[in-house]
Amino acid sequence: MAHPEAVQLGAKPLRRDEVVAVARDGVAVELEPAAVEAVTTARAHIEELANATTPTYGVSTGFGALAVRHIPPDRRAQLQRSLIRSHAAGAGPEVEREVIRALALLRLRTLATGHTGVRPSTVDTMARMLNAGITPIVHEYGSLGCSGDLAPLSSVALALIGEGQVRDAQGELRDAAEALAEAGIEPVALAEKEGLAMINGTDGMLGMLVLAITDLARLLDIADLTAAMSVEALLGTDRVFAADLQALRPHPGQARSAARMTKILAGSEIMESHRGPDCTRVQDAYSLRCSPQVHGAARDTLAHAELVADRELDSAIDNPAVLADGRVESNGNFHGAPVAYVLDFLAIPVADVASMAERRTDRMLDVARSHGLPPFLADDPGVDSGHMIAHYTQAAIVSELKRLAVPASVDSIPSSAMQEDHVSMGWSAARKLRKAVDGLTTVLSIELLTAARALDLRAPLKPAPATAAVVALLREHVEGPGPDRHLAPEIAATEALVRSGLIARTVEENS
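Bear in mind the structure is a predicted one, so any value in this text is a computation, not a measurement. (Residues numbered from 1 in each chain as written. Predicted model: local features only at pLDDT ≥ 70, side-chain atom pairs only at ≥ 80, totals over all residues. Heavy atoms only, no water.)

Chemist: Give a description of the overall build of the protein that names residues and reports values.
Modeler: If you tally the helices and strands in the protein, you get 20 helices and nine strands. Seen through its C-alpha atoms, the protein measures out along the principal axes to roughly 90 × 50 × 45 Å. Classification of the 511 residues of the protein by burial places 54% in the buried group. Relative to all contacts within the protein whose residues are 6 or more apart in sequence, the contacts with residues 24 or more apart total 79%. Here the protein has roughly 21200 Å² of accessible surface; of this, 56% comes from carbon and sulfur atoms. Averaging the positions of the 48 positive and the 66 negative side-chain charges in the protein gives two centres separated by 2 Å. (Helix = DSSP H or I, 4+ residues; strand = E, 2+ residues; numbered from the N terminus. Buried < 20%, exposed > 50% of the residue type's maximum accessible area, 1.4 Å probe, protein only. Contact = heavy atoms within 4.5 Å. Areas by Shrake-Rupley, 256 points an atom, 1.4 Å probe, with all protein chains shown as cover. Lys, Arg positive; Asp, Glu negative; His and termini not counted. Charge placed at Lys NZ, Arg CZ, Asp CG, Glu CD.)

What follows is the structure, encoded as structure tokens:
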């Protein structure tokens, strides 16, 4: 019986929100009857080829540079098992649970398309392992982003055959065989083609792309908010965000960010206090005036990444692939370039959005440019340092983000006796993007914390209803202006609010 809350695996491609639901929220997966039928049909083609006298790559031969060797039937189960054991050669720290669950889900979805030739029982066992919350240990290093995310996917397959280590649903480190047995799951004894089918995909880098897209969509909304708060706190103008000015340069992301900032600032007493003829401000600094252009360009880059991710989610990547007419053909669809490029591309606007936020923060702390705010927003300048070192933290992260924006996908290092002589490095691009997303979260949180303090210091003038509501929410977790306090917990509390989505909902409800 189907459960409406479960993600269905079948003919339709997975949606990005479904990947996030399984990866982060532990939502279950179910195989549609059509998927079971497609898998059964493809398996029949593989078994026919396995019994043929003519060798077929991946079914009755070795792999990679050893593809010319024909393997006799009584050695093929060992071949598949040896493939997984030898390829599960990762090293370094454990990869995050949500990434491993996304990786496993995306490989499972490809297996369920009927283009890989695995048995229905293998697909069912993998779904049960995912639903039981059993998470194989996957290590940081081991994928070159070509021929699939080989070492990471092999680590998942290793758990499926009851070997290696996993974390159970409670996060405890266990032997895979023990965890499977406790969940009532029989380990898989891999048959022809199955080991290869488990590891030939871009699932790791794609899973991380989907998670990053989700996070960045939220963070770009936060960037519009923090920029608006900084404009307000620095007595800047919102006239430059007018729709008719944005229409002169019709990039959709720019228009959206400008409209959001205008809406957020609506009804601000602080903004109204300097609109009259006495205002001598002609033009704001670029970090204020050009926020929609930078945030908008980031949004448009994100939209391109979404397009690539959705195409990849509609893909069935394996080598060799089983076609509808029963042919089993070698191909190069496992190459990670399409995903690697956008992973690298996204790291550029992440660094730039953060860099602009750091510049706005710095202006609020500089008495020469803050238009009446105390130095460093300190309670007693000289005795207190205010947000001076919080800005240092921002600056350190922004410097790191610039390094992380250097692309991984322009590199290639040959492997497998020159058979795999050009690789994508997509996994590496994904790993550094995850770190960059975390960095942007901290940078925007520090701008939010600083702008909120600056708005409080503009009293008795009141900020806009939307920004006032955000400051009020923040004040439930972080105190307002006063003598110096331990700032690290306040930065962490602000980050937690940003990640929770509460700030985004508060803006939506009050603007």
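Chemist: Mind laying out the pattern of salt bridges, listing which residues take part and the relevant values?
Modeler: What the rule picks out here adds up to 43 salt bridges. Across the pair E194 and R119 runs a salt bridge whose closest N-O atoms are separated by 2.8 Å. Taken as a pair, E194 in helix α8 (residues 194-199) and R119 in the loop between α4 (97-111) and α5 (120-131) lie far apart in primary sequence, 75 residues in all. The class of R119 is partly exposed, set by a relative accessible area of 23%. Put simply, E178 and R174 hold a salt bridge, and the shortest N to O gap is 3.0 Å. Using a relative accessible area of 43% as the deciding quantity, one classes E178 as partly exposed. (Salt bridge = Lys/Arg side-chain N within 4 Å of Asp/Glu carboxyl O.)

Chemist: Describe the packing of helix α9 (residues 203-233) against helix α15 (residues 337-365), and please don't skip the residues or the numbers.
Modeler: Axes are the key here: two packed helices are described by the angle between their axes and the distance separating the axes. The interhelical angle for the contact between α9 and α15, taken along N-to-C directions, is 20°, at an axis separation of 10 Å. Between α9 and α15, the crossing angle belongs to the class labelled roughly parallel. Judged by the sense of rotation from one axis to the other, the crossing of α9 with α15 is left-handed. Touching M205, L206, L209, I213, L216, L220, A223, T226, A227, S230 and A233 of α9 are V339, V342, L343, L346, V350, V353, R360 and M364, all from α15. (Axes fitted to C-alpha atoms, helices over the stretch in contact; angles between N-to-C directions. Parallel < 35°, antiparallel > 145°, perpendicular 65-115°, else oblique. Left-handed = near helix turned anticlockwise from the far one by under 90°.)

Chemist: Please set out α9 residue by residue, giving values where relevant.
Modeler: Over its 31 residues, α9 runs 44 Å from end to end, which matches the ideal 45 Å to within 8%, given 1.5 Å per residue. Within two residues after α9, L235 carries a phi angle of roughly 55°, on the positive side. (Expected span 1.5 Å × (residues − 1).)

Chemist: Provide a residue-level description of the sheet that holds strand β4 (residues 135-136), including the pertinent values.
Modeler: An order of β4-β6-β7 is seen for the three strands of this open sheet, with the pairing classed as antiparallel. The outermost strands of the open sheet, each flanked by one partner alone, are β4 and β7 (173-175). Examined bridge by bridge, β4 and strand β6 (residues 165-167) share two bridges and lie antiparallel to one another. The residue bridging T135 from the neighbouring strand is R167, located in β6. (Pairing = 2+ DSSP bridges.)

Chemist: Any details on the environment of V118? Residues and values, ideally.
Modeler: If you trace the backbone, V118 turns up in the loop between α4 and α5. Judged by relative accessible area, V118 falls into the buried class, the value being 1%. Non-local contacts of V118, meaning those with residues more than four positions away in its chain, are made with V39, R43, L111, V123, E194 and A197.

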